[in-house]
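Structure assessment
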Amino acid sequence: MTDLILKGGTVVNETSRDLADVAITDGRISAIGAPGSLGEAAEVVDVTRMHLIPGAIDMHVHFREPGYTHKEDWETGTRAAAMGGVTTVFEMPNTHPPTRSASEFRQKQDCAKKACVDFGVYGLLAEDNIEELPGLIDAGVNAFKCFMGNTFGNLPSPSTGAMLEGFEIIAGSGLRISLHAETASIMAWRQRKLEAAGLNDPLYHIAARPEVVAIEAVARAAILSEWTGARIHVLHISSAGELRPLAEAKARGVDITGETCPCYLFLNSGDYDRLGSVIRVNPPVREARDSAAIWDALQSGVVDMIATDHAPHTPEEKTNDIIWKADCGFPGVETQMPLMLTEVAAGRMTLEHYVRISSANPARAFGMWPHKGRIAVGALADITAVDMAREEVIAASRLHSRGKVTPFEGRKTVGAPVHTLVRGAFVQRDRQIVEGMAGHGRQVTDIQAMPAPNPQNVDQSLAYLLGTEGTT
Ligand code: DOR
Ligand code: ZN
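Cut-offs and rules
Sequence order as written defines residue numbering, which begins from 1 separately in each chain. Chains carry letters from A onward and ligands carry numbers from 1 onward, assigned in written order. In view of the model being predicted, local features appear only for residues whose pLDDT reaches at least 70, and side-chain atom pairs are presented and counted only at 80 or more, with totals across whole chains, interfaces and linings using the full set of residues. Values reported for side chains reflect all heavy atoms of the structure, with hydrogen atoms and water molecules removed beforehand. Going along the chain from the N terminus, every DSSP run of H or I of four or more residues is numbered as a helix, and every run of E of two or more is numbered as a strand. We compute the radius of gyration over the C-alpha atoms and compare it with the globule rule, which gives 2.2 Å times the number of residues raised to the power 0.38. A contact between two residues is defined here by any heavy atoms of the two lying within 4.5 Å. For every accessible area listed, the method is Shrake-Rupley and the probe measures 1.4 Å; residues are considered covered only by the protein chains on display. The charge count treats Lys and Arg as positive and Asp and Glu as negative. His and the chain ends do not count. For the purpose of locating charges, the reference atoms are NZ of Lys, CZ of Arg, CG of Asp and CD of Glu. The buried label goes to any residue with under 20% of its type's maximum accessible area, the exposed label to any with over 50%, and the partly exposed label to all in between, with areas taken from a 1.4 Å probe on protein chains only. Strand pairing is defined by DSSP finding a minimum of two bridges between the two strands. Viewed with both strands pointing away, a crossover whose connecting path from the first strand over the helix to the second turns clockwise is right-handed. Here the nonpolar core consists of buried residues drawn from Ala, Val, Leu, Ile, Met, Phe, Trp, Tyr and Cys, with membership extended through side-chain atoms lying within 4.5 Å. We call a residue near a given molecule or strand whenever any one of its heavy atoms falls within 4 Å of it. Polar contact criterion, stated in full: a pair of N or O atoms within 3.5 Å, where within protein one must be able to donate a hydrogen and the other to accept it, and residues adjacent in sequence count only if both atoms are side-chain atoms. The residue classification treats Ala, Val, Leu, Ile, Met, Phe, Trp, Tyr, Cys and Pro as nonpolar and Asp, Glu, Lys and Arg as charged. All others, Gly included, are polar. Here a donor is an N, O or S atom found within 2.8 Å of the metal, or within 3.2 Å if the metal is Na, K or Ca; sites may look incomplete because water is not among the atoms. Residues form patches when they are more than 30% accessible in relative terms and have no salt bridge. Like charges link within 9 Å. Nonpolar side chains (Val, Leu, Ile, Met, Phe, Trp, Tyr) link within 5 Å. By definition here, a salt bridge exists when the distance from a side-chain nitrogen of Lys or Arg to a carboxyl oxygen of Asp or Glu is within 4 Å. Interaxial angles span 0 to 180 degrees and are taken between N-to-C directions of axes, which are lines fitted to C-alpha atoms, for helices over the stretch in contact. Comment on the angle field: the value is read as roughly parallel under 35 degrees, roughly antiparallel over 145, roughly perpendicular from 65 to 115, and oblique elsewhere. With the far helix as reference, a near helix turned anticlockwise by less than a right angle produces a left-handed crossing, and one turned clockwise produces a right-handed crossing.

With that out of the way, let us pick up the overall build of the protein chain. Across its full length, the protein chain holds 16 helices and 19 strands. Here the C-alpha atoms of the protein chain give a radius of gyration of 21 Å, agreeing with the 23 Å that 2.2 N^0.38 yields for 472 residues. In terms of principal-axis extent, the alpha carbons of the protein chain reach across some 70 × 45 × 40 Å. Once local pairs closer than 6 in sequence are excluded, the contacts in the protein chain between residues at least 24 apart make up 76%. Accessible surface, the protein chain: about 17,000 Å² in total, of which carbon and sulfur atoms supply 51%. When the 44 basic and 58 acidic side-chain charges of the protein chain are each reduced to a single mean position, those positions are 2 Å apart.

Now for the pairing of strand β14 (residues 256-260). In terms of burial, β14 is largely enclosed, as five of its five residues are buried. Of the pairings in the sheet, the one linking strand β13 (residues 232-234) to β14 comprises three bridges and is parallel in character. The residue bridging Val234 from the neighbouring strand is Gly258, located in β14. Regarding the hand of the β-α-β motif, the stretch spanning β13, helix α8 (residues 243-252) and β14 is right-handed.

Another point: the nonpolar core. Of all hydrophobic cores here, the largest spans 89 residues; its most connected members are Val89, Phe167, Ile177, Leu179, Met340 and Tyr354. Not counting residues within four places of it along the chain, the set of residues in contact with Leu179 comprises Cys146, Met148, Met163, Phe167, Ala221, Ile232, His233, Val234 and Leu235. Ranked by size, the runner-up nonpolar core spans 20 residues in total, among them Ala20, Ile24, Ile383 and Leu421.

Here we come to the site of ligand 1. The full set close to ligand 1 counts 14 residues, and Arg64, Asn94, His180, Asn282 and Cys328 are the nearest of them. Separating an oxygen atom of ligand 1 from a backbone N or O atom of Asn282 is a distance of 2.8 Å. Burial of ligand 1 by the protein amounts to 100% of the accessible area it has alone, namely 290 Å². Grouping the constituent residues of the shell around ligand 1 by class yields four nonpolar, eight polar and two charged.

On to helix α13 (residues 336-345), then. Across the ten residues of α13, nine count as buried, placing the element largely inside the fold. Along α13, the positions that sit buried rather than exposed are Gln336, Met337, Pro338, Leu339, Met340, Leu341, Thr342, Glu343 and Val344. Where α13 terminates, the next one or two residues include Gly347, which has phi positive at roughly 90°.

Another point: the coordination of the zinc ion (ligand 2). His60 (NE2), His62 (NE2) and Asp309 (OD) make up the full set of protein donors to the zinc ion (ligand 2), lying at 2.0 to 2.2 Å. One chain supplies every donor to the zinc ion (ligand 2), and in sequence these donors are spaced H-x1-H-x246-D. You can see His62 sitting in the loop between β8 (56-61) and α1 (74-83) and its partner Asp309 sitting in the loop between β15 (305-306) and α12 (315-318), a full 247 residues away along the chain. Judged by its relative accessible area of 5%, His62 is buried. Residue classification places Asp309 among the buried residues on the basis of a relative accessible area of 9%.

Together, Glu127, Asp128, Glu131, Glu132, Glu165 and Glu168 give the surface a local cluster of negative charge. Tracing the sequence through the fold places Glu165 in helix α4 (residues 160-171). Among the residues examined, Glu165 registers a relative accessible area of 43% and is labelled partly exposed.

At their nearest, the axes of helix α7 (residues 211-228) and α8 sit 9 Å apart, and the two run at 15° to each other. Overall, the two elements α7 and α8 adopt an arrangement that is roughly parallel. Crossing of α7 against α8: the hand is right-handed. In contact with Ile215, Val218, Ala219, Ala222, Ile223 and Glu226 of α7, α8 contributes Pro245, Leu246, Ala249 and Arg252. In the contact of α7 with α8, the residues fall into eight nonpolar, no polar and two charged.

So, on to the sheet that holds strand β19 (residues 432-433). Strands sit in the order β3-β2-β7-β16-β17-β18-β19 across an open sheet of seven strands; the sheet is mixed. Looking along the sheet, the strands with just one partner apiece sit at the ends: β3 (16-19) and β19. Bridging between strand β16 (residues 383-393) and strand β17 (residues 412-422) involves eight bridges; their strand directions are antiparallel. Looking across to β17, one finds that Val393 is bridged to Lys412. Seen against the sheet, helix α14 (residues 351-365) touches β2 (10-13), β3, β7 (51-54) and β16 and runs at an angle of roughly 30° to β7.

Our next topic: the sheet that holds strand β4 (residues 21-25). On the basis of which strands lie adjacent, the open sheet formed by four strands has the order β5-β4-β1-β6 and mixed pairing. Every interior strand has two partners, whereas the edge strands, β5 (28-33) and β6 (43-46), have only one. Adjacent strand axes in the sheet meet at a mean angle of 20°, parallel and antiparallel pairs treated alike. In this structure, strand β1 (residues 4-7) lies alongside β6, joined through four bridges in parallel fashion. Residue pairing in the sheet places Ile5 in a bridge with Val44 of β6.

This part takes up unusual backbone geometry. That bond from His96 to Pro97 is cis: its omega, 5°, falls within 30 degrees of zero. Note on placement: Pro97 falls in the loop between β9 (86-91) and α2 (102-111). Of note, the amide linkage connecting Asn282 to Pro283 takes the cis form, showing an omega dihedral of -5°. You can see Pro283 is positioned in the loop between α10 (272-275) and α11 (288-300). Despite not being glycine, Arg49 shows a phi value in the positive range, around 70°. Inspection of the secondary structure assignment puts Arg49 in the loop between β6 and β7. Owing to a relative accessible area of 71%, Arg49 belongs among the exposed residues under this scheme.

This is the structure in structure tokens:
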């Protein structure tokens, strides 16, 4: 018996868009068919006028637990994800303690038992834990994070020597290494001088971290990746300048992917006066010409995906007249989709392309394809129903994160996720959290180990979606 049919919606994948009903059984998509053709189910939900897209996969969130739960925890963080149409998150290791050994990884897995969406856990690659890397791999981390530049948590950035050895160890596992690609020594040097000169205004944050810190870091990491065969991912691309070493490395055949985040697309140096220390994030929000170049790179495929660097802090931690004392980052996992759908509604990007950068590409880059990242028979039923006409206003008071201060306060959006299903179960329904779903989230290690979905079924569903059913 079919568990659930989503009826009357428009199914959108990265290369297709069709009016189709979707049947779900045991957490997977069991059939896709012409409207009204799928028979009976235990529950039928009418999604007429909605678009059904694969749930977003956010490769970059900080849920702060263990250690900084006054900012966020796994329950509040994953509830924010569910409200944001995000069905899978990868969580960063700069917690307290950091995720730098197998035992600390197991401690994080314990915290993640409260998750209502699926998740991956990053292990740390730092100066002082190289000997722990094999243990982290064996214990089941889903990727690694390397902070080439200092940021919240002040974890020791690895020297190039430590990085190279780390890359050599991790290469054999096939796990991807995500890079905070800013070179620590340049930033420390610059910031020291600015602070000594008493230059404390928000815009000096950009001066402390000029574009070259990112350009140099991306180029260096790409060389180490090329040398060792380790797969890498450049987090939060903030500048036009980084795009060149990224594109060049791709052209050389380096297994490298890149992400950007909404703040680098929607904000620029003109917003520092208005937002003050709230806008402080690492890497910094830069110039309008950087945003324009990153938009182009998202369209062309040089930048592969959109993530959020969801980094909640309290109002006290975010507000300071001395920019160097304000914590960096802000929540994002709940606002990425409405912000990006607003651009889709305005015609800047197709919904198909949004599916590619928010779900299909992250699924492929981090080993979750073909189970995640698409709506097809056999795939996991991670589905977000979006209402492309729904107008909302972003407001801290409505966010589900614990740390709510956002630079997008007051921004109007068009297009919103109205239902979120993780493996066939609603975690958000009609813009409300579904209670009782803490613990529904699973670590994607299990998913990566599952057999691939039945290829025959996949073909059938594609034939339908491409309008060629019955012709083969
Ligand atoms: O601004 C940031 N905040 N950038 C990061 O890379 C880390 C993050 C945090 O954890 O607060
Ligand atoms: Zn981050």
